[in-house]
Amino acid sequence: MTRIPISSDLVGLELPASTQTWTSKDTMLYALGVGGRPAEDLDFIYEGRGPKVLPTYAVIPGGTALGGLMRTVDMRLEMLLHGEQSIELFRPLPPEASVEVSGRITEVWDKGKAAVLGVEGVARDADGDLFRTHATLFVRGAGGFGGERGPPGGDGAAPDRAPDIMASFQTRPEQGAIYRLSGDRNPIHIDPAFARMGGFDAPFMHGLCTYGIVGRAILRELCADVRPPWEKSVGVAACIVQGCGC
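These figures come from a predicted structure and were not determined experimentally.

Chemist: Now, about the pairing of strand β5 (residues 128-140): what can you tell me, with residues and values included?
Modeler: Of the strand pairs in this sheet, strand β2 (residues 80-89) and β5 are connected by eight bridges, and their pairing is antiparallel. Looking at β5, one finds that Gln 85 is bridged to Ala 135. Of the pairings in the sheet, the one linking strand β4 (residues 114-125) to β5 comprises twelve bridges and is antiparallel in character. Pairing of Gly 121 across the sheet is with Thr 133, part of β5.

Chemist: Tell me about the side chain of Thr 72, and name the residues and values.
Modeler: Within the secondary structure layout, Thr 72 lies in helix α3 (residues 59-72). The class of Thr 72 is buried, set by a relative accessible area of 13%. Within the structure, Thr 72 has its side chain in polar contact with the backbone oxygen of Gly 68 (distance 2.7 Å). Excluding residues within four positions of it along the chain, Thr 72 makes contact with Met 1, Arg 3, Ile 4, Leu 13, Leu 15 and Pro 16.

Chemist: Now, about the nonpolar core: what can you tell me, with residues and values included?
Modeler: Grouped together as the largest cluster of nonpolar side chains are 47 residues, with contacts concentrated most on Leu 69 and Leu 117. Setting aside anything within four residues of it in sequence, one finds Leu 69 in contact with Leu 15, Met 75, Ile 105, Leu 117, Gly 118, Val 119 and Leu 137. Residues Ile 188, Phe 194, Ala 195 and Phe 204 belong to the second largest nonpolar core, which totals five residues.

Chemist: A description of helix α6 (residues 207-223) should follow, citing residues and the corresponding values.
Modeler: If you check α6, its first and last C-alpha atoms are 23 Å apart, about what 17 residues at 1.5 Å a residue would give, namely 24 Å. Looking at α6, one finds that the buried residues are Leu 208, Cys 209, Thr 210, Tyr 211, Gly 212, Ile 213, Gly 215, Arg 216, Ala 217 and Leu 219.

Chemist: Go over the packing of aromatic side chains, please, and point to the residues and values.
Modeler: Using the criterion set out here, one finds four aromatic pairs in the structure. Between Tyr 30 and Tyr 57 the ring centres are 5.4 Å apart and the planes differ by 75°, which places this aromatic pair in the edge-to-face class. Here the residue Tyr 30 occupies a position in helix α1 (residues 24-33), and Tyr 57 occupies one in the loop between α2 (38-45) and α3, the gap between them amounting to 27 residues. Of the two residues examined, Tyr 30 and Tyr 57, each falls in the buried class. Consider the rings of Phe 200 and Phe 204, whose centres lie 4.7 Å apart with planes at 55°: the pair is tilted. Exposure remark for Phe 200: the relative accessible area of 17% places this residue in the buried category. Taken together, Trp 22, Tyr 30, Tyr 57 and Tyr 179 form an aromatic cluster joined through their ring pairs.

Chemist: I'd like a description of the pairing of β4, backed by residues and values.
Modeler: Within a regular strand, the side chains alternate between the two sheet faces. Burial analysis of β4 places nine of its twelve residues in the buried class, the great majority of the element. As paired elements, strand β3 (residues 97-110) and β4 share ten bridges and run antiparallel to each other. Note on β4: the bridge partner recorded for Ser 102 is Val 122. Hairpin connection from β3 to β4: three residues lie between these consecutive antiparallel strands, with Gly 112 at a positive phi of about 90°.

Chemist: Talk me through α3; I want residue IDs and the actual numbers.
Modeler: Along its 14 residues, α3 runs 19 Å from first to last C-alpha, staying within 8% of the 20 Å computed at 1.5 Å per residue. Helix geometry: α3 is bent most strongly at Ala 65, by close to 25°. With eleven of 14 residues buried, α3 is to be regarded as a mostly interior element.

Chemist: Report on the pattern of salt bridges, specifying residues and quantitative values.
Modeler: For the structure on display, the rule yields 13 salt bridges. Salt-bridge contacts for Lys 52 lead to Asp 43; the nearest nitrogen and oxygen are separated by 3.7 Å. Of the charged contacts, one joins Arg 76 and Glu 78 as a salt bridge, the two residues approaching to 2.5 Å between their closest N and O atoms. Each of Glu 88, Arg 104, Glu 120 and Arg 132 takes part in salt bridges that share partners, so that together they form one network.

Chemist: I'd like a description of the environment of Leu 54, backed by residues and values.
Modeler: When you line up the elements, Leu 54 lands in the loop between α2 and α3. Note on Leu 54: relative accessible area 5%, which makes it buried. Residues Leu 54 and Phe 44 lie ten residues apart in sequence; the distance between their C-alpha atoms is 6.9 Å. In this structure, Leu 54 is in contact with Tyr 30, Ala 31, Val 34, Phe 44, Leu 93, Arg 216 and Leu 219, ignoring residues within four places of it in sequence.

Definitions and cut-offs
- Residues numbered from 1 in each chain as written.
- Predicted model: local features only at pLDDT ≥ 70, side-chain atom pairs only at ≥ 80, totals over all residues.
- Heavy atoms only, no water.
- Pairing = 2+ DSSP bridges.
- Helix = DSSP H or I, 4+ residues; strand = E, 2+ residues; numbered from the N terminus.
- Buried < 20%, exposed > 50% of the residue type's maximum accessible area, 1.4 Å probe, protein only.
- Polar contact = N/O pair within 3.5 Å; in protein donor to acceptor, adjacent residues only side chain to side chain.
- Contact = heavy atoms within 4.5 Å.
- Core = buried A, V, L, I, M, F, W, Y, C linked by side-chain atoms within 4.5 Å.
- Expected span 1.5 Å × (residues − 1).
- Phe/Tyr/Trp six-rings, centres within 6.5 Å; stacked < 30°, edge-to-face > 60°.
- Bend = angle between axes of the 7 residues up to and from the residue.
- Salt bridge = Lys/Arg side-chain N within 4 Å of Asp/Glu carboxyl O.

This is the structure we're talking about:
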């Protein structure tokens, strides 16, 4: 299939819907991929306790909308970076499910040296809407097509005061190798040669792996409940080396 060049005309384009099915094995593997450990996260990694499903697991089936964008629009895989990600849950995610995910391109911005594309995914099962995801891709070297620059991104500056809550997690050197088994097989996160092709010194952790770790921190420190309303939005501002703290 011939892929479509990046342009502002892509806004509003409906992407092919897909059926996504998962089991408790998938949700437990995801929990391990975002750093879950028996001592702290048994409810999410042991079928004898449910298992419960981390709310951020929505990015895995919801990510098929992002995959649809990548298959439809002309872009180089090694030049992609995840920009922003949000999820909105309407009901708790079940450990076993089959959903239809429909996708739509929501924005296309010309940043000069790069392009930013946004995509929304909505997952529905027999009972109606289950969750919504929104993500942006930062495509290096794909700007200059004559589109609008779009709104400026936030500077990510922390408030000038002590934080309300601090949480720290130690990632493993093999974190990305585990996380990629949930579906994001971009070799930039495991193959040193491919990472160098993209201008990086070494493979680095998936932005959505970091996203899942932050989701665990929110559950641990703020709400301890996977029931909706559950909404989380994060912008990725840096690459994290696997095996360090975050």
